[in-house]
Amino acid sequence: MTVLADANLRLDAGPMDYVLLGFYFVLVLGIGALARRSVSSSLDFFLSGRSMPAWVTGLAFISANLGAVEIFGMTANGAQYGVPTVHYYWIGAIPAMVFLGLVMMPFYYGSKVRSVPEFLLRRFGRFAHLVNSLSFALAQVLIAGVNLFALATVINLLLGWPTWVAIIVSAAIVLAYTTLGGLSAAIYNEVMQFFVIVAMLLPLTIVGMVKVGGWSGLVAKITAANSDAAAQLHSWPGSNLTGIANPVLSVIGLVFGLGFVLSFGYWTTNFAEVQRALSAKSMSAARRTPLIGAYPKTLIVLLIFIPGMIAAVVSPELAAYKAAGAPKGSAITYNNTIELLIRDLLPNGMLGIAITGLVAAFMAGMAASVSSFNTVFTYDLWQTYVVKNKPDDYYLRVGRLITIVGCVIAIGTAFIAGQFGNIMDYLQTLFGFFNAPLFATFLLGMFWKRMTPMAGGIGLIVGTASAVTVDVLNRYGALSLSNQGSAFVAASVAFIMDIVISVIVTLVTAPKPESELVGLVWSLTPRDSLKHSDTGENAGWYRKPVVLGVGVLVLAAALNIVFW
Amino acid sequence: MSEPVKKQRAGLFDLRYVLALLFLVYGVVLTVMGLGFTSQAGLDKAAGININLWGGVVMLLVGIAFALWARLRPIVVPVTTEGDGTEPADDATGAGES
């Protein structure tokens, strides 16, 4: 293909590219069919019967997040901001994943809850539980729809299929394997998706590096093309990312806003993530899930921000867009970074792998939403409030049925998103705000036995409302923050408000009796029940959670120094 | 919240063989394309590197590695107290520990 018009992103996919994509679909559906044999109870369907080994849940843990939205968004950040993109990983994700594995997982796994909302139910009772279950279930179906629409848009752009065909076909495939095999099928496919994504990103990075003449060539080209090249080539203080000019405040924004509140909120309380760890086969494996996932998470950003930076200098369209200061209404934006690279760098064959990687990323993102939605809907809403005390196979049937309903709603959302693109963007930002106060509530709830049920519920509502308020104020110009900076500030305010309000409400309401909090609050839980077995297949120093956790923190710190 | 009956059924296939299959097929296809079916234009795109060939060879190696891992460290099915919990080893869950 030659460059026709500057907005032509169509790939000239050949027959072999489609064969590679088709083969992937065959394996995806095959996994669904095979996984079905292991589903004989609702726990099998929703939590893989708590039987998964740690390397599988660990890879699924990061894969559920390494969706297309992430790949598109982070390569775009790489093209726009350069090296500071790494903060989303080394300051953002990694410490939070280590905290989840070392501190919080013993409570989640040890209390045998089947979902994050169920933990809230046991700790705080129905008020907080209902607030969280409803907001989570709603968020997940809508996010599934957003993912579906984004997938359809990309397929339309790259391959020329009509949007509605892409929506129906991909929803049907996701529906088929999640209804058949439940969480097991979703998890196995996420692991496979992880490897396909690496198989897409690695050649892209290598070819791109050769094209720009290695790292020194890239530095020279970035320096030549940008007046603020220094900010793009060093990770700290990351002022271009936060939009906060003062370097000290910028670092505080990154460490507290992004690193602590946003990331801890997302990684430790988002059930779509935690569910992967809950499906592990032992406490030891559950604790190692986020820790094992943290290693590839630390390294994969190298395959994301570097191609992004390369695209901004080797793609003529993107370079022109960046040089012009990212004009509004341009046919090419930073969000097209990965598509431009795939189009310009990969020949037929590798092109098929890349298309497969993108499609896989979208489908896995949707499957993660759907498989966490059906669990929360069935256990936390249906079984808890609507139809109680039925035999287990009834809830298994409900789970399968609600998976279908969820996919249908997602298809509907996808078509609506086609009409109101900006609204969907906004909704997604909004759902991000549920996590920061949730983390505050969990933290207080796990370590302060006095905290009352009423405080749990009101804290969540006030916290979320504060985040929304900050965001709205910023949108209407009352605060002047960049998009990224506003997300950090909104989350921080939500976190602080949640803590303040929870403490105040706790002081004037009645706490739960201590006997009901055993296993849920640190000071009331026997130390032995938070420990895991370290014999048999859990033996060995390299399987110790502390060793794994410290190891990955050292790795992230070392990389931070390399890219200082 | 009633605790569901705990099941120790180990009833899945070994994911490592699926990954091996994926990468062996992808590896063969890409290697063949790299050897005989990558046009000059395709080579130019990738800065002169025969990325299909190199990618294909690496994928073949990865596929072989997964197959070897699964072969050398097969899944051990935990012997459970329930009578129906003993399934053949080749039909067992996930994979061995990493």
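Nothing here was measured: the structure is a model prediction, and the numbers come from that model.

When you go through chain B residue by residue, the secondary structure sums to 3 helices and 0 strands. Each of the 98 residues in chain B was classed as buried or not, and the buried ones make up 47%. Considering only contacts in chain B between residues 6 or more positions apart, those separated by 24 or more positions represent 71%. When the accessible surface of chain B is totalled, it reaches about 5200 Å², and 68% of it is carbon and sulfur.

Of the regular secondary structure elements, chain A holds 24 helices and 0 strands. Against the globule reference of 24 Å for 564 residues, chain A gives a C-alpha radius of gyration of 23 Å, in line with a compact fold. Over its C-alpha atoms, taken along the principal directions, chain A stretches across nearly 70 × 55 × 50 Å. Taking all 564 residues of chain A together, the buried fraction comes to 62%. Pairs at least 24 apart in sequence give 84% of the contacts found in chain A among residues at least 6 apart. Just so you have it, chain A exposes about 19100 Å², and 70% of that area is on carbon and sulfur atoms. Positive and negative side-chain charges in chain A, numbering 31 and 23 respectively, have mean positions lying 7 Å apart.

It is worth spelling out the interface of chain A and chain B at this point. Facing the 50 residues of chain A at the interface are 41 residues of chain B. Summed over both partners, the interface of chain A with chain B comes to about 4100 Å²; 70% of that surface belongs to carbon and sulfur atoms. Linking chain A with chain B are 3 residue pairs in polar contact (both at pLDDT 80 or more). Looking at the side of chain A that touches chain B, the elements with two or more residues in it are helix H1 (15–36), helix H3 (54–63), helix H6 (116–124), helix H8 (163–212), helix H14 (283–300), helix H17 (337–345) and helix H18 (350–386) of chain A.

Glancing now at a nonpolar patch on the surface. All names here are of chain A. On the surface, a cluster of nonpolar side chains totalling about 610 Å² of accessible area is made up of Val248, Leu249, Ile252, Phe256, Ile496, Val500 and Ile504. Those elements that place two or more of their residues in the nonpolar patch are helix H12 (247–269) and helix H22 (483–508). No other element matches the 4 residues that H12 contributes to the nonpolar patch.

Further remarks concern the UniProt feature "transmembrane region" (unreviewed entry) in chain B. Residue and element names in this part refer to chain B. In the numbering adopted here, UniProt assigns the feature "transmembrane region" (unreviewed entry) to residues 17–39 and 51–70. Spanning residues 17–39, this segment combines 87% helix with 0% strand, and its end C-alpha atoms are found 33 Å apart. What you have in residues 51–70 is 100% helix and 0% strand, and the ends, taken at the C-alpha atoms, are 28 Å apart.

Tallied over the entire structure, the rule returns 35 aromatic pairs over all chains. On the basis of an interplanar angle of 50 degrees and a centroid distance of 5.2 Å, the ring pair of Phe260 of chain A and Phe264 of chain A is categorised as tilted. Placement of the pair is Phe260 of chain A and Phe264 of chain A together in helix H12, with a separation of 4 residues, close to one helical turn. Of the residues examined, Phe264 of chain A reaches a relative accessible area of 10% and is grouped as buried. Here the aromatic rings of Tyr321 of chain A and Tyr334 of chain A are separated by 5.0 Å at their centres, their planes lie at 75 degrees, and the arrangement is edge-to-face. Of this pair, Tyr321 of chain A sits in helix H16 (residues 316–323) while Tyr334 of chain A sits in the loop between H16 and H17, placing them 13 residues apart in sequence. As far as the burial class goes, Tyr321 of chain A and Tyr334 of chain A line up, both buried. Chaining the aromatic ring pairs together yields one cluster made of Trp55, Phe194 and Phe195 of chain A together with Phe23, Phe66 and Trp69 of chain B. Here the guanidinium or amino end of Lys390 of chain A rests over the ring plane of Tyr394 of chain A, the centre of that ring lying 5.2 Å away.

Bringing the nonpolar core into the picture now. Residues and elements named next belong to chain A. In this structure, Tyr108 and Ile342 are the most contacted members of the largest nonpolar core, which totals 198 residues. Two domains each donate at least three residues to this core, and these are domain 1 (2–109 + 142–421) and domain 2 (426–531). Setting aside chain neighbours within four positions, we find Tyr108 in contact with Leu100, Val113, Val116, Phe119, Thr268, Thr269, Val274, Leu278 and Phe442. Counting 5 residues, the second-largest nonpolar core is a separate cluster that includes Ala137, Val141, Phe373 and Ile402.

The α-helix advances 3.6 residues per turn, and as a result positions three or four apart in sequence lie on the same side. Residue and element names in this part refer to chain A. With 18 residues, H14 extends 27 Å between its outermost C-alpha atoms, agreeing within 8% with the 26 Å of an ideal straight helix rising 1.5 Å per residue. Its maximal kink placed at Thr289, H14 deviates by approximately 35 degrees, while the proline Pro290 follows within four residues. Burial analysis of H14 places 16 of its 18 residues in the buried class, which makes it a mostly covered element.

Rules and cut-offs
- Residues numbered from 1 in each chain as written.
- Chains lettered and ligands numbered in written order.
- Predicted model: local features only at pLDDT ≥ 70, side-chain atom pairs only at ≥ 80, totals over all residues.
- Heavy atoms only, no water.
- Helix = DSSP H or I, 4+ residues; strand = E, 2+ residues; numbered from the N terminus.
- Buried < 20%, exposed > 50% of the residue type's maximum accessible area, 1.4 Å probe, protein only.
- Contact = heavy atoms within 4.5 Å.
- Areas by Shrake-Rupley, 256 points an atom, 1.4 Å probe, with all protein chains shown as cover.
- Rg over C-alpha atoms; globule rule 2.2 N^0.38 Å.
- Lys, Arg positive; Asp, Glu negative; His and termini not counted.
- Charge placed at Lys NZ, Arg CZ, Asp CG, Glu CD.
- Buried area = accessible area lost by both parts, 1.4 Å probe.
- Polar contact = N/O pair within 3.5 Å; in protein donor to acceptor, adjacent residues only side chain to side chain.
- Patch = residues over 30% accessible without salt bridge, like charges linked within 9 Å, V, L, I, M, F, W, Y side chains within 5 Å.
- Salt bridge = Lys/Arg side-chain N within 4 Å of Asp/Glu carboxyl O.
- UniProt positions renumbered as here; feature names shortened; annotations may be inferred.
- Phe/Tyr/Trp six-rings, centres within 6.5 Å; stacked < 30°, edge-to-face > 60°.
- Lys NZ or Arg CZ within 6 Å of the ring centre and 35° of its normal.
- Core = buried A, V, L, I, M, F, W, Y, C linked by side-chain atoms within 4.5 Å.
- Domains from an automatic or database assignment.
- Expected span 1.5 Å × (residues − 1).
- Bend = angle between axes of the 7 residues up to and from the residue.

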